[in-house]
Structure formats: C-alpha cells, structure tokens
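Now for the letters of each chain:
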Amino acid sequence: MTHAPILAPSLLAGDHAHLASTAAIVEQMGLSWLHVDIMDGHFVPNLTFGPETVAALRRHGSKLFFDTHLMLSEPQRYIDAFARAGSDQISIHIEPAYDHGAALARIRALGSKAGLVLNPDTPASAVEPFLGQVDLVLVMTVQPGFGGQPFRTDMLAKLTQLSNWRRERDLSFRLEVDGGIDLTNAPLCRAAGADTFVAGTSFFKADDKPAFATAFAGL
Ligand code: DX5
Ligand code: ZN
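Predicted model only: the values in this text are computed from it and were never measured. (Residues numbered from 1 in each chain as written. Chains lettered and ligands numbered in written order. Predicted model: local features only at pLDDT ≥ 70, side-chain atom pairs only at ≥ 80, totals over all residues. Heavy atoms only, no water.)

This paragraph deals with the site of ligand 1. Lining the immediate surroundings of ligand 1 are 20 residues, of which Asp 37, Gly 145, Asp 178, Gly 180 and Thr 201 lie closest. A distance of 2.7 Å is found between an oxygen atom of ligand 1 and a backbone nitrogen or oxygen belonging to Gly 145. When the free accessible area of ligand 1 is taken as 380 Å², the share hidden by the protein chains comes to 99%. The element best represented in the shell around ligand 1 is strand β2 (residues 33–39), accounting for three residues. In the shell around ligand 1, the residues fall into eight nonpolar, 10 polar and two charged. (Near = heavy atom within 4 Å. Polar contact = N/O pair within 3.5 Å; in protein donor to acceptor, adjacent residues only side chain to side chain. Areas by Shrake-Rupley, 256 points an atom, 1.4 Å probe, with all protein chains shown as cover. Helix = DSSP H or I, 4+ residues; strand = E, 2+ residues; numbered from the N terminus. Nonpolar A, V, L, I, M, F, W, Y, C, P; charged D, E, K, R; others polar.)

Structural data, given as structure tokens:
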C-alpha cells in the first residue's frame with residue numbers, strides 16, 4: 001500500500017525560546033504533523049525537551065499530531081509520561097536493550113501510535129520481528145543527536161528492504177526518514193518507499209515555506 005506523503009517539520013530546528021510559535025507556524029502552513037526530538041544526553045550526546053514541553057504545547061492549543069522521537073537509553077521508562085503529555089505517536093529506538101515488544105504494546109495500550117527507529121548502522125533485520133506491531137518505522141538518515149547533518153544516501157537500500165517487507169507481508173506501517181532531508185533527496189527516499197519526511201533545517205531555512213510544503217505534498 002502507498003501512503004500519501006506527510007511532511008513533519010522538526011521542532012528541534014525552530015527557536016527554542018518560542019516553541020509554541022514554531023508549532024503555530026507549522027500549523028499555519030496547513031501541515032498536520034510536528035516532529036518532536038527527545039534526547040537524554042546518554043543515548044545521544046545532546047539534550048532537548050521533556051514531557052512537560054509536549055504538555056505545554058498541547059495546552060497552548062496546538063492541534064498538531066505530535067510525532068515524538070525518543071532518543072533515550074531507557075525509553076520504556078518515559079512512555080506513560082509522553083502519552084499523558086499528548087504525544088500522538090511515540091517512536092523508540094531498537095538499539096538499547098529493553099523489552100521492545102512490551103514497550104510497543106504499552107504505547108498502543110495508552111492510545112498512541114507506536115514507532116520503531118533504526119540508527120544508520122543498524123540493519124533492517126533488527127526491526128523485522130516487530131513489523132506487525134508498529135504504526136511506523138523510522139529510518140535515521142543521519143546519526144541522531146543534532147540537526148543540520150548531511151543525508152546518507154546509503155540508507156536508501158534499507159528503505160527499499162523495509163518497503164519490500166511491508167508489501168510482501170501486506171502491512172501498512174508508515175516509513176519515515178529523518179536527518180538531512182531536503183527537496184533534493186526526498187524524491188529518492190519516496191522512490192525507495194518512504195512516505196513520511198522529517199525536515200528540520202531545510203524547512204526552517206526555506207524562505208517560501210508554503211512552496212516547500214506543496215513540493216512535499218506532491219512527492
Ligand atoms: C536528529 C533528529 C532530527 C533532526 C533533523 O537527531 O532526530 O529529527 O531534527 O534535523 P535536520 O532535518 O536538520 O537534519
Ligand atoms: Zn528525529
């Protein structure tokens with residue numbers, strides 16, 4: 001199955017002193033998703049937001065779908081807090097050791113959509129056993145931790161593999177890419193099966209954001 005493309009601007013690339021304004025800009029563009037990067041300074045060498053940030057954005061009236069990317073060594077400890085805060089989707093990395101199946105089930109039990117994320121060095125086979133239990137697979141196209149890094153073309157083969165499994169098994173999870181995504185490489189990702197595009201730097205640097213959003217809608 002082919003999902004319509006979704007552009008998910010990343011809050012990380014916005015002004016951290018004006019997060020609600022950043023969310024409002026995204027909403028005013030007619031977009032429906034906001035990618036929210038949560039970093040713990042341990043799984044990745046950077047720190048960002050916590051559940052209270054997500055809750056505050058919701059309280060300030062954002063109706064956006066909060067696509068929450070947990071870059072945490074122990075994501076299972078924070079699932080309940082982010083679900084309660086208003087995360088519509090919670091994506092957890094496959095690399096740390098915890099009960100991934102139980103964590104995905106917990107996310108769904110709390111009423112959020114469940115995503116599984118792979119770092120660039122992690123093969124597609126690592127998430128294969130869980131493909132029937134997820135709403136989204138996120139293929140990192142940079143090493144996570146920072147915005148503004150160059151897209152890794154060598155991730156396209158991984159997308160193709162996941163897209164093939166999705167088709168062969170008649171599954172319907174979304175296939176998301178995150179890291180260095182712009183209008184040059186997004187069509188390559190789309191051709192390899194991606195349907196959900198995180199854009200931090202490229203979105204916030206675009207002078208004509210409506211045109212940028214329209215280009216993604218047409219992928
Ligand atoms: C990186 C984050 C990304 C980041 C992408 O660790 O997971 O979501 O915001 O930013 P750009 O689009 O600038 O690579
Ligand atoms: Zn992210």
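It is worth spelling out the pairing of strand β3 (residues 65–71) at this point. In terms of residue burial, β3 counts as a mostly covered element, since seven of its seven residues are buried. Side-chain alternation along β3 places Phe 65, Asp 67, His 69 and Met 71 on one buried face and Phe 66, Thr 68 and Leu 70 on a second face that is also buried. With seven bridges joining them, β2 and β3 adopt parallel strand pairing. Each bridged residue has a counterpart across the sheet, and for His 35 the counterpart in β3 is Asp 67. In the classification by handedness, the crossover that spans β2, the intervening helix α2 (residues 51–59) and the parallel β3 is right-handed. Two elements, β3 and strand β4 (residues 89–93), share four bridges in a ladder whose sense is parallel. Directly across from His 69, in β4, lies its bridge partner Ser 91. Between the parallel elements β3 and β4, the chain passes through helix α3 (residues 79–85) in a crossover that is right-handed. (Buried < 20%, exposed > 50% of the residue type's maximum accessible area, 1.4 Å probe, protein only. Pairing = 2+ DSSP bridges. Right-handed = clockwise from strand over helix to strand, strands pointing away.)

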